Amino acid sequence: MTSRKRISEILVENRQMTQDQANQIFAIMQAGRTGKAEQELILEREFAAEKDIAKAVAYKYGLPLVELEGKTLDEELIRHVDINVLKKHRIVPVSLSEGQDPVIKLAMFNPMNAGAIEDVELLCRMTVEPVVSTATEIMNAIDRCYGSETLRSAVDQFTKERERTAQAVEDERGDDVSSAPIVVLVNTLLEQAARQRASDIHIEALQESLRVRFRIDGVMYTRHKYSNELSSAVLARVKILSGMDISEKRKPQDGRMTYFVDGREYDIRVSVLPTTYGEKCVMRLALKKSLSRNKSTLGLNEDDMLKFDHIMSYPNGIVLVTGPTGSGKSTTLYTVLSEKNKEEVNIVTVEDPVEANIDGVNQVQVNPKADLTFASALRSILRQDPDIIMIGEIRDVETAMIAIQASITGHLVVSTVHTNSAANTVTRLLDMGVDSYLIADSVVGIIAQRLVRRLCPSCKRMRKAEAYELEFMGKDPSIPANIWEPCGCQSCNGTGYYGRIGVYEIMELTPEVKRLINKRATAEEIKQQALKDGMQTLRMNASKLVLSGITSFPEILSVSYDN
């Protein structure tokens, strides 16, 4: 039974979207300029989660909702339909009822796409029965069936062309290159990486091969290996896309590009480095809107959320976020800025580089060649009447002193520092040459964080915890407890993990902690006092995630061994 309500209205009723967002979608549809379905407009703007949108679509049209993630589909059935038709309409056949009048069930994100249904009926000479799934699950299913074949075909075609002609690879720059083998190969790699949730693509020229690895949930996985003959052609294509000099192969280069996968815009930072057997390329993928998320999705527990909110409610002072590269510091800072981004607040940032654009926030890109450093930019920012200042990283005493000056004169300053724990951040500032009384006066809170992989809910397995594991987690080894471990299935590509969650150590600078800082106490003394004041260490919070089945014991070893 179908519903007369719009998809936006259903999502608003389920509290999965705001009324203001629904009004925006309605206005776009009334204007009639895009020609896109309502659910596609909602997904593009990331107003609701994709699965929630799919559920609303299924409810509206009275159709079944099918989960494709982790399910093995009949590849022969999928191959009934041309891959270009599947990708064009974002559809995939899921089952076939044979008989006098065969019916093919078609998973669709937009079940009202009459053109897609007509195309499949003409190709298969069967009646189509639509069911609903998410666009991501549909495209992943197509990838599982055709992805490797597409890459293999592109490589074979490139090899044949090399045999036919000795033309330089720079000819790829022609106007009509969309079907060229190397273009197809690079595009397919980008699409596969995005759909597999990879944060980085590594293209490495080895002695006898070209290796492609994806970093997924912080871990590297080899995905493809090709002949080293492809190296220069692949690198040339990537350089063209990211605005680099394709003739320069002796120096490191940096570039940037924007790429759309399944209607989502990815910002891709590219780095090329000359190595022994050719150039190595690393592409870092980031969804344009992924850094600005709701703070409830960060992974903070209830106690830490209260501390987080209290620290961020200060009208002035310095809040420092610390951790190694890739620990989610930028996501935390962008989340804070997005929450505080209101008409009456003037927010200015200085970053290297600007990782994501936030509408309404004034963002400054560091440019050393133009003498625009963190320190020089901050001096100018202080004359821009800011309420909140975000500094990408405090690297030296000059930047630290200007940040302290800004905080003492009534501004809230948020920034990052590379240290291992909250208490060690204080000693790092002291080592830079900042006076202890200035740190105690200006810093209001320090947040240390890491990322751990989430266990795949489809295949995780429970087991009894060993005595040494319980002891490491601060539990009585004599009291039995259960923990979970990874197994691996199709949903998680055999890794046993799916996604990541933040682990936090939040230290508020209480009067007792400030007194110790003024006395230039050691990091251990500061930590012990913070623990008395209610701080939970990284190990404590990570242990809670292990015991609740969210992550595995080896994951907390990697983030809190010395904590």
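These numbers were taken from a predicted model, which means no experiment stands behind them.

Summarise the sheet that holds strand 10 (residues 317-322); cite the residues concerned and give the values.
Strands sit in the order 12-11-13-14-10-15-18 across an open sheet of seven strands; the sheet is mixed. Pairing within the sheet leaves two strands with one partner each, and these edge strands are strand 12 (362-365) and strand 18 (497-508). Each strand axis lies, on average, 20 degrees off the axis of its neighbour in the sheet, ignoring direction.

How would you explain the packing of aromatic side chains if you had to name every residue and give the values?
Summed over all chains, the structure comprises two aromatic pairs. Aromatic pair Tyr468 and Phe553: ring centres 6.0 Å apart, planes at 85 degrees, arrangement edge-to-face. Pair noted here: Tyr468 is in helix 17 (residues 467-472) and Phe553 is in helix 21 (residues 553-560), with a separation of 85 residues, a long-range link. Assessed through its relative accessible area of 4%, Phe553 is described here as buried. When the ring of Phe472 is compared with that of Phe553, the centres are 5.6 Å apart and the planes differ by 80 degrees; the resulting orientation is edge-to-face. With Phe472 in helix 17 and Phe553 in helix 21, this pair connects stretches of sequence that are 81 residues apart. Among the residues examined, Phe472 registers a relative accessible area of 16% and is labelled buried. In textbook terms, an aromatic cluster arises when at least three aromatic residues are bridged by ring pairs, as seen for Tyr468, Phe472 and Phe553. A cation over an aromatic ring shows up here: Lys460 above the ring of Trp484, its NZ or CZ 5.6 Å from the ring centre.

Describe the pattern of salt bridges, listing the residues and the values that go with them.
Considering all chains together, one arrives at 28 salt bridges under this definition. With a shortest N-O distance of 2.9 Å, Arg284 and Asp200 are connected by a salt bridge. Separated by 84 residues along the polypeptide, Arg284 in strand 9 (residues 278-287) and Asp200 in strand 4 (residues 198-205) bring together distant segments of the chain. Judged by its relative accessible area of 4%, Asp200 falls in the buried class.

Now, about the side chain of Ser552: what can you tell me, with residues and values included?
Summarising the element assignment, Ser552 is placed in the loop between helix 20 (538-547) and helix 21. Look at Ser552 and you get buried, because its relative accessible area is 1%. A distance of 2.6 Å separates a polar atom in the side chain of Ser552 from a polar atom in the side chain of Tyr497.

Rules used in this analysis
Residues numbered from 1 in each chain as written. Predicted model: local features only at pLDDT ≥ 70, side-chain atom pairs only at ≥ 80, totals over all residues. Heavy atoms only, no water. Pairing = 2+ DSSP bridges. Helix = DSSP H or I, 4+ residues; strand = E, 2+ residues; numbered from the N terminus. Axes fitted to C-alpha atoms, helices over the stretch in contact; angles between N-to-C directions. Phe/Tyr/Trp six-rings, centres within 6.5 Å; stacked < 30°, edge-to-face > 60°. Buried < 20%, exposed > 50% of the residue type's maximum accessible area, 1.4 Å probe, protein only. Lys NZ or Arg CZ within 6 Å of the ring centre and 35° of its normal. Salt bridge = Lys/Arg side-chain N within 4 Å of Asp/Glu carboxyl O. Polar contact = N/O pair within 3.5 Å; in protein donor to acceptor, adjacent residues only side chain to side chain.

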